[in-house]
Amino acid sequence: MTEDDEFAEFANAHAERLRNTAFMLCHDWHLAQDLTQTTLTKLFLSWRRAIQADNLVAYAQKILLRSYLDHRRRRSSTESTPGVLHEPAYRENPELRLTMLDALAGLPARDRAIVILRYFEDYSVEQVADVLEIPVSVVKSQTRRSLGKLRELLAADQLALFA
Amino acid sequence: MTEDLRALLRADLSGERPPPLGDLVGAAIRDGRRIRRKQRIRRIGAGLLAVAAAVTAFVLVGDGGVAGRRFPPTEAAGVLSPPSVPLAGPVPVSTAEARTLTIRSGTKRAGGSREKATSAAMLHLLTQLLPPGRMTHLGVAAEDDLQVQLYLDDGSGPGMVRVGVGASGPISGEPPGGETVSVTIRHMPDNCLQGTVVDAAWPDGTLVRVDVASCLDQAGPPTLPALTVDQAVRVAADPRWGVTMDATLVAAGAKQFPSLPVLG
């Protein structure tokens, strides 16, 4: 099996997960698709180095996060809140989902990434610190701050969820 | 709160209707290969420019290699000075020494109709240019990457040879007239897979690189190079290489090598 074949096998197995993470970060499937393709292209180019990594999925996630943060830096002033464009997930309570998306979208890009990695990808604090290349203490403090911000942003009648 | 948040995030995703992934992986691979190809061509061009600038005063005619005798691995360690001449001070091991030859080919670049070069045509030509020996492990780079590789064993063990072709700019479809090719020879002491690198630059922008390895694997034992410097120069300076090649070579390559392993 050639290195290209190995890459294709890995990419086919993990592309959907990467795109899901990208979507949770940006809430835009088209952008998520672009970010995932960018990530896979970069991974392809660095494949020989990547396969030396202890955790190849985390390595790919790191590239994805970098791509997302780069994108946010370039377009920070133009991104809209996309939650209203999506089909309701909580059919029984659409307002709740919308508010949650709004709340997440209200966080700065890196803080949103921390929340997604911690609570969507189930990364440990140390893993988040490694992926984002920031100190563990920063992850902890930013997580606390982000959760606090989410509480503030969410409607009063939803605060019971976060008691 | 954290468990609720986790549940909300997962439910958030499960309620979505994501568009199909499509050929996301294939598109990424194609983009990656295109970028890699451009990087390789840029490296060849930049290397030639740097070497040409460094050795402008040392344009030599003729080659110091000894025809018919393979240079030992120790020569591929990068010392071009005669053994009696002491090296003046420490030399960074990553800096390859180089010399440039100007060769008048005496022949025009191959005439006739030309087609976009293929890896199979390159391998076909390479097998014609190499000295007699057993050729194994033939391989080509992915897609349109014009790079081929094989092992040549003349009886003293297999040695790896790679040939890559690029262009420093748009190449006209017309074969250029009477040619002088600038050939640069470098020994790479810290990369046995490219123990000796011979770059040939044609006036029309065609760049040809021949890598003569002094090992088959970075982690493996040293091997005898498959070609002498003379032989490597002759391969690199052959006027038939190019991003376009003679149509008969392309056809013969397709016939001789209908399928080939793709290198990683």
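What you see is a predicted model; the values in this text were computed from it and never measured.

Cut-off values and rules
- Residues numbered from 1 in each chain as written.
- Chains lettered and ligands numbered in written order.
- Predicted model: local features only at pLDDT ≥ 70, side-chain atom pairs only at ≥ 80, totals over all residues.
- Helix = DSSP H or I, 4+ residues; strand = E, 2+ residues; numbered from the N terminus.
- Buried ≥ 20, exposed ≤ 12 C-beta atoms within 10 Å, placed from the backbone.
- Contact = placed C-beta atoms within 7 Å.
- Arc of directions from axis to C-beta.
- Nonpolar A, V, L, I, M, F, W, Y, C, P; charged D, E, K, R; others polar.
- Core = buried A, V, L, I, M, F, W, Y, C linked by C-beta atoms within 7 Å.
- Axes fitted to C-alpha atoms, helices over the stretch in contact; angles between N-to-C directions.
- Parallel < 35°, antiparallel > 145°, perpendicular 65-115°, else oblique.
- Left-handed = near helix turned anticlockwise from the far one by under 90°.
- pLDDT = per-residue confidence, 0-100.

K.L.:
What should I look at first to understand the overall build of chain B in this one?
P.N.:
What chain B contains, in helices and strands, is 5 helices and 10 strands. Sorting the 264 residues of chain B into buried and exposed places 37% on the buried side. Taking contacts inside chain B between residues at least 6 apart in sequence as the whole, the part at least 24 apart equals 73%.

K.L.:
Would you explain the overall build of chain A in this entry?
P.N.:
Each helix and strand counted, chain A has 8 helices and 0 strands in total. Ordered by position from N to C terminus, the α and β elements of chain A give α-α-α-α-α-α-α-α. In chain A, which comprises 163 residues, the share counted as buried stands at 34%. Here the contacts in chain A between residues at least 6 apart in sequence split such that 57% fall between residues at least 24 apart.

K.L.:
I would appreciate a short explanation of helix H5 (residues 247-256) of chain B in the present structure.
P.N.:
Side chains that are three or four residues apart share a direction in an α-helix, a result of its 3.6 residues per turn. All names here are of chain B. Within H5 the residues assigned to the buried category are Leu249, Val250 and Gly253. Projection of H5 onto a plane perpendicular to its axis shows the buried side chains occupying an angular sector of 100 degrees, all on one side. Considering only its buried residues, H5 is in contact with strand E3 (114-116), helix H3 (119-129) and strand E10 (244-246).

K.L.:
Any chance you could explain the interface of chain B and chain A here in plain terms?
P.N.:
On the side of chain A, 31 residues touch chain B, which itself brings 29 residues to the contact. Taken together, the residues of the side of chain B that touches chain A break down into 18 nonpolar, 4 polar and 7 charged.

K.L.:
How do you make sense of the nonpolar core when you look at a structure like this?
P.N.:
If you look at the biggest cluster of nonpolar residues, it comprises 50 residues, and the most contacted ones within it are Met122 and Ala236 of chain B. In this view, methionine 122 of chain B contacts Ala117, Leu146, Val148, Val163 and Val165 of chain B; residues no more than four positions away in its chain are not counted. Phe10, Phe23 and Val128 of chain A together with Leu8 of chain B belong to the second-largest nonpolar core, a separate cluster that totals 40 residues.

K.L.:
What should I look at first to understand the packing of helix H1 (residues 3-26) of chain A against helix H6 (residues 109-119) of chain A in this one?
P.N.:
For any two helices packed against each other, the geometry is given by the interaxial angle and the distance between the axes. All names here are of chain A. Here H1 crosses H6 at 135 degrees, and the two axes come no closer than 9 Å. Regarding the angle of H1 to H6, the classification is oblique. As H1 packs across H6, the resulting crossing turns out to be right-handed. Across the interface between the two elements, Thr21, Met24 and Leu25 from H1 touch Arg112, Ala113 and Ile116 from H6. Residue composition of the contact of H1 with H6, by class: 4 nonpolar, 1 polar and 1 charged.

K.L.:
Sorry, what's going on with the confidence of the model for chain A here?
P.N.:
Per-residue pLDDT for chain A has a mean of 80; in total, 77% of the residues score no lower than 70. Considering only residues more than four positions removed or in separate chains, one finds that residues 77-92 of chain A, a stretch of pLDDT under 50, has 25 contacts.

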